[in-house]
Amino acid sequence: MTARPEFYRFHNGEKARLQFAEAEYAARIDALRKRMGEAGAEAAVFTSMHNVSYYSGFTYCSFGRPYALVVTDTECVTISAGIDAGQPWRRCYGDNITYTDWQRDNYWRAICSVTGEGRKIGYESDHLTLLQKGKCEAFLKPAAMVDLYETTMRQRMHKSPAELDMIRAGAAVADVGGYAIRDAVKIGAREIDIAMAGRDAMELEIAKRFPDAEYRDTWVWFQSGINTDGAHNPVTSRALERGDILSLNTFPMISGYYTALERTMFAGEVDAESLRIWEANVGAHELGISLLKPGASCAEVTHKINAFFAERDLLQYRTFGYGHSFGVLSHYYGREAGLELREDIDTVLEPGMVISMEPMLTIAEGQPGAGGYREHDILIITEDGNENITGYPYGPEFNVVG
């Protein structure tokens with residue numbers, strides 16, 4: 001270190017037990033190398049959290065510093081910042097190189113030590129910034145740049161048996177958070193206090209189920225009244241009032257894998273117009289679940305749910321698509337845009353895919369039934385239909401509480 005190296009290997013301690021066996025990561029890398037060959041890439045430089053995590057098991061924390069995973073025909077190496085010391089080595093499949101801050105762009109020098117110059121470099125067009133793409137070209141001097149965004153997304157959309165087990169566990173943890181929230185709902189309670197009850201219950205459950213994991217990023221959005229109008233509205237200190245529409249949203253994160261539970265609720269009582277809209281959204285939810293099967297396209301499912309809402313003069317209150325893929329993703333990384341229930345997505349559902357059904361209607365403040373109505377289950381596509389892995393009940397019978 002006295003010579004101030006550009007990069008070095010700090011293999012501090014023993015490898016940790018990752019969320020999946022080494023054979024799982026080896027299979028992912030083997031499949032990736034085939035995709036790289038088909039695309040004409042000799043080396044891949046992945047910069048996104050989702051692909052680094054998916055192929056290596058290491059989910060980085062950037063804090064303004066770049067990270068990478070470099071894959072060649074013989075190498076699989078994570079590139080991490082010195083501030084993280086040996087943790088990336090312990091938590092990754094394959095090798096790890098630490099780059100230093102002694103001079104700018106040691107990150108790219110470390111990458112080049114694996115790729116070499118003048119090769120056909122695969123990259124992610126949905127993540128690599130123009131600035132970093134320019135540095136990639138300057139340091140690696142690639143013979144060609146090959147976009148691997150689409151093919152890696154397609155690979156992540158098809159889940160392995162081990163991934164399906166992880167996602168099932170995540171859905172069960174989301175249910176635990178849901179029940180904790182239901183128990184905490186009381187007239188006068190604040191959104192933040194109810195949200196914390198759900199989050200704490202989920203983190204304890206994750207630690208029980210996965211004692212060797214790292215724990216971070218699990219969260220809850222619990223919304224009430226006007227705050228329910230958007231699916232991603234943050235928690236506030238608003239106190240619940242009798243008759244409020246409520247939105248329960250639990251999001252356990254397990255080693256980079258995301259699952260979710262979302263439910264419409266009401267505090268104490270529900271008025272007639274709100275009940276009518278709620279039951280219509282539940283009907284759309286049940287219809288959507290019945291449509292998720294092999295051979296159906298995302299667009300086809302979407303149009304049929306649209307027709308259901310249109311028949312009830314409610315389609316104009318729909319605010320987003322009806323579902324999306326699950327796996328290595330969060331609210332800030334990893335969206336698998338090729339598997340979303342939207343009119344412009346023609347992807348055909350196949351066994352091993354995982355997708356949500358989550359219709360939402362938003363009625364503006366001041367109108368009868370005002371608020372946001374949302375139900376959300378996670379479905380695994382099977383050979384002859386789907387497996388619903390969400391257990392927490394939906395609908396008025398169970399969710400008028402407090």
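What counts and how
Residues numbered from 1 in each chain as written. Predicted model: local features only at pLDDT ≥ 70, side-chain atom pairs only at ≥ 80, totals over all residues. Heavy atoms only, no water. Helix = DSSP H or I, 4+ residues; strand = E, 2+ residues; numbered from the N terminus. Buried < 20%, exposed > 50% of the residue type's maximum accessible area, 1.4 Å probe, protein only. Contact = heavy atoms within 4.5 Å. Areas by Shrake-Rupley, 256 points an atom, 1.4 Å probe, with all protein chains shown as cover. Lys, Arg positive; Asp, Glu negative; His and termini not counted. Charge placed at Lys NZ, Arg CZ, Asp CG, Glu CD. Pairing = 2+ DSSP bridges. Core = buried A, V, L, I, M, F, W, Y, C linked by side-chain atoms within 4.5 Å. Phe/Tyr/Trp six-rings, centres within 6.5 Å; stacked < 30°, edge-to-face > 60°. Lys NZ or Arg CZ within 6 Å of the ring centre and 35° of its normal. Salt bridge = Lys/Arg side-chain N within 4 Å of Asp/Glu carboxyl O. 1 Å grid on protein atoms, 1.4 Å probe; cavity = no way out; pocket = protein on both sides within 12 Å on 5 of 7 lines; lining within 4 Å. Points joined across faces, edges and corners; volume = space filled by probe spheres on them. Nonpolar A, V, L, I, M, F, W, Y, C, P; charged D, E, K, R; others polar.

J.: Just give me the short version of the overall build of the protein chain, but keep the residues and values in it.
T.: Along the backbone of the protein chain there are 11 helices and 19 strands. Along the first, second and third principal axes, the C-alpha atoms of the protein chain reach 75 × 45 × 35 Å. Scored against the burial criterion, the 402 residues of the protein chain give a buried share of 54%. The long-range fraction of contacts in the protein chain, counting pairs at least 24 apart against all pairs at least 6 apart in sequence, stands at 68%. Element-wise, carbon and sulfur atoms account for 51% of the exposed surface of the protein chain, whose accessible area totals about 16300 Å². Mean positive and mean negative side-chain charge positions of the protein chain (40 and 57 charges, respectively) differ by 5 Å.

J.: Break down the sheet that holds strand β5 (residues 95–99) for me, citing the residues and quoting the values.
T.: Spatially, β1-β5-β4-β3-β2-β6-β7 is the arrangement adopted by the seven strands of the open sheet, whose pairing is mixed. Each having just a single partner strand, β1 (7–8) and β7 (144–147) make up the two edges of the open sheet. Direction of pairing for strand β3 (residues 68–71) relative to strand β4 (residues 76–81): antiparallel, over a ladder of four bridges. Each bridged residue has a counterpart across the sheet, and for V70 the counterpart in β4 is V77.

J.: If you had to explain the nonpolar core to someone new, which residues and values would you point to?
T.: One finds F46, V71, I79, I111, V185 and F222 to be the most contacted residues of the largest nonpolar core, which totals 82 residues. If near-sequence neighbours (up to four positions away) are discounted, I111 is found in contact with V45, A68, V70, I79 and L140. Counting 32 residues, the second-largest nonpolar core is a separate cluster that includes A280, A284, I345 and M353.

J.: Outline the packing of aromatic side chains, listing residues and values.
T.: Scanning the model with the defined rule gives 24 aromatic pairs in all. Aromatic side chains Y60 and Y67 sit 4.9 Å apart centroid to centroid with 10° between the ring planes, which places their arrangement in the stacked category. Between the aromatic rings of Y107 and W108, the centroid separation amounts to 5.1 Å while the plane-to-plane angle is 75°, which identifies the pairing as edge-to-face. Each member of the pair, Y107 together with W108, is buried. The structure contains a cluster of three or more aromatic residues connected by ring pairs, namely W219, W221, F251, Y258 and F326. Over the face of the ring belonging to W89 we find K15, whose NZ or CZ atom lies 3.8 Å from the ring centre.

J.: So what about the pattern of salt bridges? Which residues, and what values?
T.: Inspection of the entire model under this criterion finds 30 salt bridges. Where R17 meets D212, a salt bridge forms, and the shortest distance between an N and an O atom there is 3.3 Å. Here the residue R17 occupies a position in the loop between β1 and α1 (22–39), and D212 occupies one in the loop between α8 (191–209) and β8 (219–224), the gap between them amounting to 195 residues. What makes R17 exposed here is its relative accessible area of 63%. Among the salt bridges present, the one from E340 reaches R335, with a minimum N-O distance of 2.8 Å. Relative accessible area serves as the criterion here: at 9%, E340 is assigned to the buried category. On the basis of relative accessibility, which here comes to 45%, the residue R335 falls in the partly exposed class.

J.: Residues and numbers for the pairing of strand β15 (residues 360–363), please.
T.: Neither face of β15 is exposed, since M360 and T362 on one face and L361 and I363 on the opposite face are all buried. Note: β15 against strand β16 (residues 371–374), four bridges, orientation antiparallel. Opposite L361, over in β16, you have Y373 as the bridge partner.

J.: Now, about empty space enclosed by the protein: what can you tell me, with residues and values included?
T.: Inspection of the entire model under this criterion finds one cavity of 30 Å³ or more. Roughly 30 Å³ of volume is contained in the largest cavity. For the largest cavity, the full set of lining residues is M166, I167, G170, P252, I254, Y257 and T259. Classifying every residue of the lining of the largest cavity gives five nonpolar, two polar and no charged.

J.: So what's going on with unusual backbone geometry? Which residues, and what values?
T.: Comment: phi is negative for the bulk of residues other than glycine, and the bulk of peptide bonds are trans. Despite not being glycine, D105 has its phi angle at roughly 75°, a positive value. Relative to the helices and strands, D105 resides in the loop between β5 and α4 (106–115).

J.: Describe the layout of surface pockets, with residues and values.
T.: In this structure, the largest pocket occupies an estimated 410 Å³ of space. As for the largest pocket, its lining consists of 24 residues, and the residues nearest its centre are L18, Q19, F210, A213 and S255. Those elements giving two or more residues to the lining of the largest pocket turn out to be α7 (161–184) and β10 (253–254). Of all the elements, α7 adds the most residues to the lining of the largest pocket, at three residues. Its residues assigned to classes, the lining of the largest pocket shows 11 nonpolar, five polar and eight charged.

Everything listed here is a matter of geometry and, on its own, says nothing about what the molecule does.
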